[in-house]
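Take a look at the letters that make up each chain.
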Amino acid sequence: MSDQTISLQQLGDETAKQFQLRYGRAPRWIAAAPGRVNIIGEHTDYNDGFVFPMAIERYTVIAADRPAGASQQITWHCARTNQSASFPLSKPVPKGEPKHWTNYIRGVFAGFQQRGVDTGPLDALMLSTVPLGGGLSSSAALEVATATLIETVTGHKLDPVEKALLCQKAEHDYAGMPCGIMDQFISALGRKDHLLLLDCRSRKTELVPMNDPAVEVLIVNTNVKHELTGGGYAQRRKQCEEAARILGVPSLRDADAAMLENARAKMDATVFRRARHVIGEIERTPAAARAIQTGDWPTAGRLMYASHAALRDDYEVSCAELDAAVEIAQEIGDAGGVIGSRMTGGGFGGCTVSLVKTASVADISRKIGEAYRKRTGIEATLFVSRPGAGATIL
Ligand code: GLA
């Protein structure tokens, strides 16, 4: 039911070992980047709003070396899925088949090429503990780990904000997913024991300490896979742009509830509800950050539940399994040690995030796992994570 978190050091050692087994020599470079969980601020990043994620203690680690022979390409082995692929270093790096996992990697190499940075050929092997398709940013972890590897191979270090933007562009251009900036940002800039309040308009960041030993972040993977390239995400983005256009503002960041209400008659009912979620969520996010900072747990919890309800009813990116996991947590409630709970990430499956009292975490995990199985017939995967560090060289 729950699964073990292995430390970054152990994962790095294992990656080096597997590299050695596969390529017959030790790797010369090892880089890592974490997945993330978003505490609150969902579908706000591409609306110039606020997000409040943390890096989790789950990483993608890549080990690499120059090829032994005369190879002029990038060769990549994914140890988790036991798949290998290679691509030439032609300019620009060619795109892979649609939805192929190497597209995230190719896009990052292309981003460095555009900056005049050439890596030369490489043999690489990656290992990851970030669940795939679970809404915990396995793709951003892969992109940011790749960028960090290229930085160390070439000695060309990017400013972390530029690095995040390069990775976001890789995802847009090579993976076809019009994501916002949150995932790459937190994977590049996460800090141990801190949450990151990011203003996606100004890109100003504020680290908020989250080191109260009495509170844990519990992640419940519904094990319903999410698929963000499926069109639902891009459609939401368009609806937000349409709402902003009708309201006559550059983005929904510039709107408020009263403005929206006044424009209700001018708007399609669905577009109205999409905007209502975003405007409310942009307001809730800094409020939740303050509540967590001051230890006002009841307020933090209330805002998380409100976020989930809006994502479910107005934004329609939840699903029955996410709703079940949140409802079960809410039923356990304050008396049982649950502070708040909501779906996290893009939605349509994936994970929920809950703030829970440390003293009750084992009990809560057991109860959620059992009740979820009973309601859905699915086995959830549960784990806790402290806020971890962002991308690093090992
Ligand atoms: C995905 C995207 C992010 C963000 C979230 C929703 O994770 O990659 O940019 O939009 O969905 O908050």
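Residues numbered from 1 in each chain as written. Predicted model: local features only at pLDDT ≥ 70, side-chain atom pairs only at ≥ 80, totals over all residues. Heavy atoms only, no water.

**Considerations on helix α8 (residues 269-293)**
Keep this limit in mind: Helix and strand labels come from DSSP, where a helix needs a run of H or I of at least four residues and a strand needs a run of E of at least two; each type is numbered from the N terminus. A helix is expected to span 1.5 Å for every residue after the first. Here a polar contact is taken to be a pair of N or O atoms separated by no more than 3.5 Å, where protein atoms must pair a possible hydrogen donor with a possible acceptor and residues adjacent in sequence count only if both atoms sit in side chains.
Taking 1.5 Å of rise per residue, 25 residues should cover 36 Å, and α8 covers 36 Å from first to last C-alpha, within 8% of that figure. Measuring from the backbone nitrogen of Thr-270 back to the side-chain oxygen at the start of α8 gives 2.9 Å, which picks out Asp-268 as the cap. Of the residues one or two after α8, Gly-295 is the one with positive phi, at around 75 degrees.

**Concerning the side chain of Thr-60**
Which entries qualify depends on this criterion: We call two residues contacting when some pair of their heavy atoms lies within 4.5 Å.
Following the sequence through the fold, Thr-60 ends up in strand β3 (residues 53-65). A distance of 2.8 Å separates polar atoms of two side chains, one belonging to Thr-60 and the other to Ser-128. Not counting residues within four places of it along the chain, the set of residues in contact with Thr-60 comprises Ala-31, Ala-32, Ala-33, Met-126, Leu-127, Ser-128, Val-130, Ala-141, Leu-142 and Ala-145.

**Thoughts on the nonpolar core**
The criterion, for reference: The term nonpolar core refers to a set of buried residues drawn from Ala, Val, Leu, Ile, Met, Phe, Trp, Tyr and Cys, joined through side-chain atoms within 4.5 Å. Each residue gets one of three labels from its accessible area relative to the maximum for its type: buried under 20%, exposed over 50%, partly exposed in between, using a 1.4 Å probe on protein chains only. Throughout, the edges of the domains are those of an automatic or database domain assignment.
One finds Phe-52, Val-217, Leu-252, Ile-292 and Leu-355 to be the most contacted residues of the largest nonpolar core, which totals 56 residues. Of all the secondary structure elements, the ones that give two or more residues to this core are β3, β7 (194-199), β9 (215-221), α6 (232-247), α8, α9 (297-313), β10 (338-344) and β11 (351-357). Tallying contributions element by element places α8 first for this core, with 10 residues. Both of domain 1 (8-209) and domain 2 (215-385) provide at least three residues apiece to this core.

**Regarding the domain arrangement of the chain**
Stated formally: Buried area counts how much accessible surface, traced with a 1.4 Å probe, disappears from two parts once they are put together, with both parts' losses summed.
Structurally, the chain comprises domain 1 (8-209) and domain 2 (215-385). Summarising the inter-unit geometry, the C-alpha centres of domain 1 and domain 2 are found 26 Å apart. Each side of the interface is counted separately: domain 1 has 41 residues, and domain 2 has 47 residues. For the pair domain 1 and domain 2, the two sides together bury roughly 3,500 Å², of which 62% comes from carbon and sulfur. Inspection of the region where domain 1 meets domain 2 yields 24 residue pairs in polar contact (both at pLDDT 80 or more). Elements with a minimum of two residues in the side of domain 1 that touches domain 2: β1 (29-38), β2 (50-51), β3, α4 (160-175), β7 and β8 (205-209). Among the elements that make up the side of domain 1 that touches domain 2, the one with the highest residue count is β3 (four residues).

**Topic: the site of the ligand**
To keep things clear, this is the line we draw: To be near a molecule or strand, a residue needs just one of its heavy atoms within 4 Å of it. Where accessible areas are quoted, they stem from the Shrake-Rupley method and a 1.4 Å probe; at the residue level, only the protein chains shown are allowed to cover. Residues were grouped as follows: Ala, Val, Leu, Ile, Met, Phe, Trp, Tyr, Cys and Pro as nonpolar; Asp, Glu, Lys and Arg as charged; and all remaining residues, including Gly, as polar.
Around the ligand lies a shell of 14 residues, among which Glu-42, His-43, Asp-45, Asp-183 and Tyr-233 are the nearest. One nitrogen or oxygen atom from the main chain of His-43 is found 2.7 Å from an oxygen atom belonging to the ligand. Asp-183 places a side-chain nitrogen or oxygen 2.6 Å from an oxygen atom of the ligand. For the ligand, the protein covers 97% of the area, taking 300 Å² as the surface of the free molecule. Residue classes in the shell around the ligand are distributed as six nonpolar, four polar and four charged.

**Focus: the sheet that holds β7**
We apply this condition: Only strands that DSSP links by at least two bridges are regarded as paired with each other. Each axis is a line fitted through C-alpha atoms, and for a helix only the stretch in contact is used; angles between axes span 0 to 180 degrees, taken between their N-to-C directions.
Judged by pairing direction, the sheet is antiparallel, and its three strands sit side by side in the order β2-β7-β8 without closing on themselves. Each edge of the open sheet is held by one strand with a lone partner, namely β2 and β8. Most of the contacts of α8 go to β7, to which it runs at about 150 degrees, and overall it touches β2, β7 and β8.

**Looking at the packing of aromatic side chains**
Our working rule: To pair, rings of Phe, Tyr and Trp, with the six-membered ring standing in for Trp, must have centres within 6.5 Å; the planes then decide the type, stacked if under 30 degrees apart, edge-to-face if over 60, and tilted in the middle.
Under the definition given, this model contains four aromatic pairs. Ring geometry for Tyr-46 against Tyr-233: centres 5.3 Å apart, planes inclined by 65 degrees, an arrangement best described as edge-to-face. Of this pair, Tyr-46 sits in the loop between β1 and β2 while Tyr-233 sits in helix α6, and the two are 187 residues apart along the sequence. With a relative accessible area of 11%, Tyr-46 lands in the buried category. Ring centres 6.2 Å apart and planes at 85 degrees place the aromatic pair Trp-76 and Phe-109 in the edge-to-face group. Pair noted here: Trp-76 is in strand β4 (residues 73-78) and Phe-109 is in helix α2 (residues 102-114), with a separation of 33 residues, a long-range link. The exposure classification of Trp-76 matches that of Phe-109, with both residues buried. Taken together, the ring pairs in this structure connect Trp-76, Phe-87 and Phe-109 into an aromatic cluster.

**Let's talk about the packing of α4 against helix α5 (residues 182-189)**
To keep things clear, this is the line we draw: Angular relationships are summarised with four words: roughly parallel below 35 degrees, roughly antiparallel beyond 145, roughly perpendicular across 65 to 115, and oblique for the angles in between. Handedness of a helix crossing follows the sense of rotation of the near helix relative to the far helix, less than a right angle counterclockwise being left-handed and clockwise being right-handed.
Two elements in contact, α4 and α5, have axes whose closest approach is 8 Å; the angle formed by their N-to-C orientations is 140 degrees. On the basis of their axis angle, the class for α4 and α5 is oblique. Crossing of α4 against α5: the hand is right-handed. Along its contact with α4, which presents Pro-160, Val-161, Ala-164, Cys-167, Gln-168 and Glu-171, the element α5 presents Gln-184, Phe-185, Ala-188 and Leu-189. For the contact of α4 with α5, a count of residues per class yields seven nonpolar, two polar and one charged.

**Regarding the pattern of salt bridges**
Note on pairing: side chains with opposite charge can pair once their charged atoms come close. The following threshold applies: When a carboxyl oxygen of Asp or Glu lies within 4 Å of a side-chain nitrogen of Lys or Arg, that pair is called a salt bridge.
For the coordinates displayed, the defined rule picks out 28 salt bridges. In this structure, Arg-201 and Asp-254 form a salt bridge, with 2.8 Å as the shortest nitrogen-oxygen distance. With a gap of 53 residues between them, Arg-201 in the loop between β7 and β8 and Asp-254 in the loop between α6 and α7 (257-262) connect regions that are remote in the sequence. Counted as one network, the salt bridges with shared partners bring together Glu-42, Glu-281, Arg-284 and Arg-342.

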